[in-house]
Amino acid sequence: MRSRTTMSLIHEGKGLPEGSSPNGTPSRTIERSTSDLAKAAVSGWLGTALEFMDFQLYSLAAALVFRNVFFANESAGMAVISSMATYGVGYLTRPLGAWYFGRLGDRIGRTKVLFYTIALMGVATTLIGVLPTYGQVGILAPLALVVLRLVQGFGAGAEIAGSSVMLTEYAPRRRRGLIGSLTALGTNSGTLGASAIWGILVAALPKEDIVAWAWRIPFLASVLIMIFALWLRRSLKESPVFEGREDVVDGVAMSKEQLAEHMQTEHEDILAKGLRERKGRAFFEGFLLRFGQAGNSGMIQTYLISYITATLMMASSVGTNVVIVSSLLGFATVPLVGWLSDIVGRKTMYIVMTSISLVLVFPMIYLVSTAQVGKLFAGYIIMHQASVLALASLENLTMAEIFGGRNRYTQIALAKELAAIVATGIGPVLAAALVVATGSWWPIAVMIAVFTACSLAAAIIMPEVAGRDLTVLTDSRKGEGVIGPFAARERRELGLPTCEEALAEYEATTIVSSKRG
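Throughout what follows, the structure given in this document is the object of discussion. Here the residue numbers are simple positions, counted from 1 along each chain's written sequence. With pLDDT at 70 or above as the cut-off, local features in this predicted model cover only qualifying residues; side-chain atom pairs require 80 or more to be listed or tallied, and sums for whole chains, interfaces and linings still use all residues. As a convention, hydrogens and water are excluded, and side-chain values are obtained from all of the structure's heavy atoms.

1. Topic: the packing of helix α15 (residues 281–311) against helix α20 (residues 442–461)
Part 1 of the reasoning: It is the contact of α15 with α20, at a shortest axis distance of 8 Å, that shows an interaxial angle of 160 degrees. Viewed along their axes, α15 and α20 adopt a mutual orientation that is roughly antiparallel. Handedness of the crossing formed by α15 with α20: left-handed.
Part 2 of the reasoning: Taken together, the residues of the contact of α15 with α20 break down into 16 nonpolar, six polar and two charged. Note on geometry: axes are C-alpha line fits, over the in-contact stretch for helices, and angles between N-to-C directions span 0 to 180 degrees. Labels follow the DSSP assignment, with helices taken as runs of H or I lasting at least four residues and strands as runs of E lasting at least two, numbered in each case from the N terminus. Any angle between 65 and 115 degrees counts as roughly perpendicular, while under 35 counts as roughly parallel, over 145 as roughly antiparallel, and the rest as oblique. It is the rotation of the near helix from the far one that decides the hand of a crossing: anticlockwise by less than a right angle makes it left-handed, clockwise makes it right-handed. Each residue gets one of three labels, nonpolar for Ala, Val, Leu, Ile, Met, Phe, Trp, Tyr, Cys and Pro, charged for Asp, Glu, Lys and Arg, and polar for the others, Gly among them.

2. Points about the pattern of salt bridges
Part 1 of the reasoning: Basic side-chain nitrogens of Lys or Arg form a salt bridge, by our definition, when they fall within 4 Å of a carboxyl oxygen of Asp or Glu. Counting across every chain of the model gives 12 salt bridges.
Part 2 of the reasoning: For arginine 290, the salt bridge is made with glutamate 395, and the minimal N-O distance between the two is 3.5 Å. Pair noted here: arginine 290 is in helix α15 and glutamate 395 is in helix α18 (residues 373–402), with a separation of 105 residues, a long-range link. An identical accessibility class is assigned to arginine 290 and glutamate 395; each is buried. Here the term buried applies to any residue with accessible area under 20% of the maximum for its type, exposed to any over 50%, and partly exposed to those in between, with areas from a 1.4 Å probe on protein chains only.

3. Some words on the environment of valine 322
Part 1 of the reasoning: Mapping valine 322 onto the fold places it in helix α16 (residues 316–344).
Part 2 of the reasoning: Valine 322 gets classed as buried once you look at its relative accessible area, which sits at 0%.

4. Comments concerning the packing of helix α17 (residues 346–369) against α20
Part 1 of the reasoning: Where α17 contacts α20, the two axes come as close as 9 Å, and the packing angle between them is 170 degrees. In terms of orientation, α17 and α20 fall into the roughly antiparallel class. Seen along the crossing, α17 lies across α20 with a hand that is left-handed.
Part 2 of the reasoning: For the contact of α17 with α20, a count of residues per class yields 17 nonpolar, five polar and one charged.

5. Some points on the packing of aromatic side chains
Part 1 of the reasoning: Note on aromatic contacts: the rings of Phe and Tyr and the six-membered ring of Trp form a pair at centre separations within 6.5 Å, being stacked when their planes are under 30 degrees apart, edge-to-face when over 60 apart, and tilted otherwise. The final tally for this structure, using the stated rule, is 13 aromatic pairs.
Part 2 of the reasoning: With a centroid separation of 5.2 Å and an interplanar angle of 55 degrees, the aromatic rings of phenylalanine 101 and phenylalanine 154 are classed as tilted. Taken together, the positions of phenylalanine 101 in helix α4 (residues 94–108) and phenylalanine 154 in helix α7 (residues 140–156) put the pair 53 residues apart, joining distant regions of the chain.
Part 3 of the reasoning: Look at phenylalanine 101 and you get buried, because its relative accessible area is 4%.
Part 4 of the reasoning: For the ring pair tyrosine 303 and tyrosine 307, a centre distance of 6.3 Å and an interplane angle of 40 degrees mean the geometry is tilted.

6. Focus on a nonpolar patch on the surface
Part 1 of the reasoning: On the surface, a nonpolar cluster with roughly 400 Å² of combined accessible area is contributed by Val42, Trp45, Phe228 and Trp231.
Part 2 of the reasoning: Mapped onto the nonpolar patch, the elements with two or more residues apiece are α1 (34–64) and α11 (216–234).
Part 3 of the reasoning: With respect to the element layout, tryptophan 45 can be found in helix α1. Any residue with relative accessible area above 30% and no salt bridge may belong to a patch, with like charges joined within 9 Å and the nonpolar Val, Leu, Ile, Met, Phe, Trp and Tyr side chains within 5 Å. Computed with the Shrake-Rupley method and a 1.4 Å probe, the accessible areas treat only the protein chains shown as cover for residues.

7. Some words on the side chain of threonine 452
Part 1 of the reasoning: Residue placement: threonine 452 occurs in helix α20.
Part 2 of the reasoning: Residue contacts for threonine 452: discarding those within four places in its chain leaves Asn296, Thr354, Ser357 and Leu358. Any two residues whose heavy atoms approach within 4.5 Å are treated as being in contact.

What follows is the structure, encoded as structure tokens:
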């Protein structure tokens, strides 16, 4: 049984069915087997898992031992601040990595770039495990740590975006939601894996041994995941969409090789081009989708845990356990939401989930504020599923479908990283200040509501993109989606064939071409 992804001829007209070019010629198809799709899915999941595992390993190490290992000459308070500042340094290079690798991925292909990004992340994480301590080499130890954090962030800046693009371009368009959700599942896997490793160490060894040598184990162990992921990606075939793409620049049709040459000599910044396309509307739609999800993640997965421990004065195990339980439940929520979006469309699911979040946010955060364990668990888990994990499931594939084939990788990577930095930088800090000033829980709910409203606004203004032809170079327009009620309405308003007719024509006229290596 073979899984096929259709490559239609490039067109500039609205809403053409994926099976047709402007003159009615049947589409060309790059054939991929189900094993190819499985490799792409596992590759995307592993890359995202390794990214989140890398950063979670560091954040836990920074909180538990790094103040003793790399900042031993400072006071206890300054050592903690230095450890956390070094953690934050990793985010500084993420936008740069998003721009550099995103541009490279749009020029030379997805698989090569994803090989580079996971290698950078994995090598940097492993090398942290062999760094000398402050007691051995002095100031060189924290400096080396900062350098590795910068390298780690540079590679991570394009990893999730690349995995999202790769999986979305690989998947059959009727199953993009379900298959694309594996990228979001990688975040749960990485976070749980890192937490489990550190949990075992803390439970099995005295603190003296952890500080002396055992802290290195989690970082060194990550090399096993990196090696497997590198092996898998070496044999991974290129995205069918990228391989079959023919580009048009300034009205001239170009092959992939000609496009690469053109982009190498082009002086105009790709981000500027992306922002100008359709007056930047697609970029800011993607930005707002990510802004809302990232803001909610910062509020719920980061600040709310601190609120439970520091403000409600509950045991630290309560915050840890609620995150673990909710993350485990996410293994059901994420694919379920992705699967439903394959039935009713991305736009519908975004509107439904953000509306649910807005309705529930105040009562659920109130439950958390009661400091009663049962109520706290209920409030946290419901908000985590609706406001963070469900939106993460939708975000990756929706953003990949929003952007056109010419600069998809670059635009999704930049939109993700820029939005995340702004949202996670503003949300927890502002909420913490308002909670202190008011002595109440409501600023937390207000911040979550604001972030959720941003994603809802983007969902309302964007066209339906479910099932869109990914080989179209331009960003999404009304009438290009073919799945869900919004797609049906858009096509009806534009006088286009119905979604069923478009899908039937696609299945009837698709011609399978020979594989191209």
